[in-house]
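Here are the chains, one letter per residue:
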Amino acid sequence: MNEIQRRRTFAIISHPDAGKTTLTEKFLLFGGQIQVAGAVKSNKIRKTATSDWMDIEKQRGISVSTSVMEFDYLPDGQTGEPYKVNILDTPGHQDFAEDTYRTLTAVDSAIIVVDSAKGVEAQTRKLMEVCRMRNTPVIIFINKMDREGRDPFDVLDELEAELQIKVRPLSWPIGQGLRFKGVYNIYEQQLNLFTPNKQRVTEKVAVDVKGKELDERVGEREAQQLRDDLELVDGVYPTFEKDAYRKAEVAPVFFGSALNNFGVQELLDCFVEIAPSPKPTMAEERMVKPDEPKFTGFIFKITANIDPNHRSCIAFCKVCSGKFVRNQPYQHIRLGKTVRFSSPTQFMAQRKSTIDEAYPGDIVGLPDNGIFKIGDTLTEGELLHFRGLPSFSPEMFKYIENDDPMKSKQFQKGLEQLMNEGVAQLFVNQFNGRRIVGTVGQLQFEVIQYRLENEYNAKCRWEPVHLHKACWIEADDATELDNFKKRKYQYMAKDIEGRDVFLADSGYVLSMAQQDFKHIRFHFTSEF
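I will try to describe carefully the structure that is included in this document. From a predicted model like this one, the values you see are computed outputs, not experimental measurements.

Next up on the list: helix α6 (residues 152-163). Here α6 contains 12 residues, and its C-alpha end-to-end distance of 16 Å stays within 8% of the 16 Å for a straight helix at 1.5 Å per residue. All of the buried residues in α6 are Pro 152, Phe 153, Val 155, Leu 156, Glu 158, Leu 159 and Leu 163. The backbone nitrogen of Phe 153 has a side-chain oxygen 3.1 Å away, supplied by the residue at the start of α6, namely Asp 151. Looking at the residues trailing α6, positive phi occurs at Gln 164, about 50°.

Shown next as structure tokens:
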């Protein structure tokens, strides 16, 4: 129970460029995992962010894949055992949204990063919907306060309206942009003064808001403004209650600047204190509680080539209950066979270390030689299936062809591993046997091409194909399904699981098919 209580597993999510990866870096700095934070965009210092480890991420300064990091953390002045924090830094770019949606199934809470100048953006809205569907508690961090932005009250109003959740500020900025003096920590009633520094941490001062000392520290005008603002905050927003936050009814809000290391520690200290420890997980058969004695877990992500010297795949397993022990025999439910793991690992982006045991809330890396698919369940023998890891119907399609006939083995292997990772979906057309790759965004085609060439030494070329949507089809009546397949022979394909997929070339064709064949069910996600 003690191990479960001290675990905090969360994802950092936001629109691209709001500062997720920078915030993750600063968390690692406080956790003592890295000594110098890599400036994400600077080319002068050849250091890239710890959590962006793929070559393509370093070149573009964006995150392409979710990375997992863990560290122990004990807030200043507290004694006892440290909290065990598991961070999942997710890609913000909408082309990789599926990776982010899947990651949200494996966490107990989330931190949403919002740019103070831009406010709520499209991707933030979508991600919040996923959190709402799963009742995931969120904390909001309003970043980039050291740049000119919008009035804090306006940003808070927009958060409430756009994300449809009540907010409660737990810190408050004094000025912003060039006039940014610091943040008053409402939760601990302390004043933090701002000195821009990317590597080290700023000083904290306990100051009585009503006293004279505040005027001396920040200037009379700013001090008066702060007093007025705080009075307004207390008048407008209800007092903060931990239970309302955990039920995902209220989102606490913090202000700061991740790049300059400001306001981050307050966020982390408050987070480890109020965030939920691992929660029960719903399986198809029953609810699985974290404190059950027997181990259960599910695979929510697979990554190929974490180590460029070994062409190995790693499957990320979220521990749901019991205790995971190295070399123990576990049941692989989908394949119905027993598996053992001699070298399970824990992560610090791509640096990994072997572990002997893991507890609920932890993310364990399991070496994968092709036995895992996303959504697989591992147990100590009980038949359980964890669900809710969707892959969506793709919106962009291209034929993929091997560009170098001498390298067909490398091409096959690379394509298979990348598809198992869930980067994109592969369909094989039944009519001409050609392979079609379906993705959610244009950027994924570039990532696939780049990784095939750099990681598998295989070249591919894309050819256009005009398709509107891919839908999985099923029917209770076998003859009707047969008729449909005969009539739509040119548009039928199989996915990697060997299921029937109908590739409609226009919205009109799709709606006509749905009208003509009343008994066939058309699905737009692969979970049915």
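All right, on to the pattern of salt bridges then. Under the defined criterion, the tally for this structure stands at 24 salt bridges. Among the salt bridges present, the one from Asp 362 reaches Lys 84, with a minimum N-O distance of 3.5 Å. Note that Asp 362 is positioned in the loop between β21 (357-358) and β22 (363-368) and Lys 84 in strand β3 (residues 83-89), a separation of 278 residues in sequence. An identical accessibility class is assigned to Asp 362 and Lys 84; each is buried. Taken together, the shared-partner salt bridges in this structure form one network comprising Glu 401, Asp 403, Arg 434, Arg 461 and Glu 463.

A few words now on the sheet that holds strand β27 (residues 460-464). Reading across the sheet, the eight strands line up as β27-β24-β26-β25-β29-β30-β28-β31 and stay open at both edges, with antiparallel pairing between neighbours. Two strands bound the open sheet, and with one partner strand each, they are β27 and β31 (520-523). Shown here is a sheet whose adjacent strand axes are inclined to one another by a mean of 40°, direction ignored. Along the sheet, helix α11 (residues 408-420) makes contact with β24 (396-402), β25 (425-429), β26 (435-439) and β27, crossing β24 at roughly 155°. Against the sheet, helix α14 (residues 507-516) contacts β28 (469-475), β30 (500-504) and β31, and its axis sits at roughly 130° relative to β30.

Conventions adopted
- Residues numbered from 1 in each chain as written.
- Predicted model: local features only at pLDDT ≥ 70, side-chain atom pairs only at ≥ 80, totals over all residues.
- Heavy atoms only, no water.
- Helix = DSSP H or I, 4+ residues; strand = E, 2+ residues; numbered from the N terminus.
- Expected span 1.5 Å × (residues − 1).
- Buried < 20%, exposed > 50% of the residue type's maximum accessible area, 1.4 Å probe, protein only.
- Polar contact = N/O pair within 3.5 Å; in protein donor to acceptor, adjacent residues only side chain to side chain.
- Salt bridge = Lys/Arg side-chain N within 4 Å of Asp/Glu carboxyl O.
- Pairing = 2+ DSSP bridges.
- Axes fitted to C-alpha atoms, helices over the stretch in contact; angles between N-to-C directions.
- Contact = heavy atoms within 4.5 Å.

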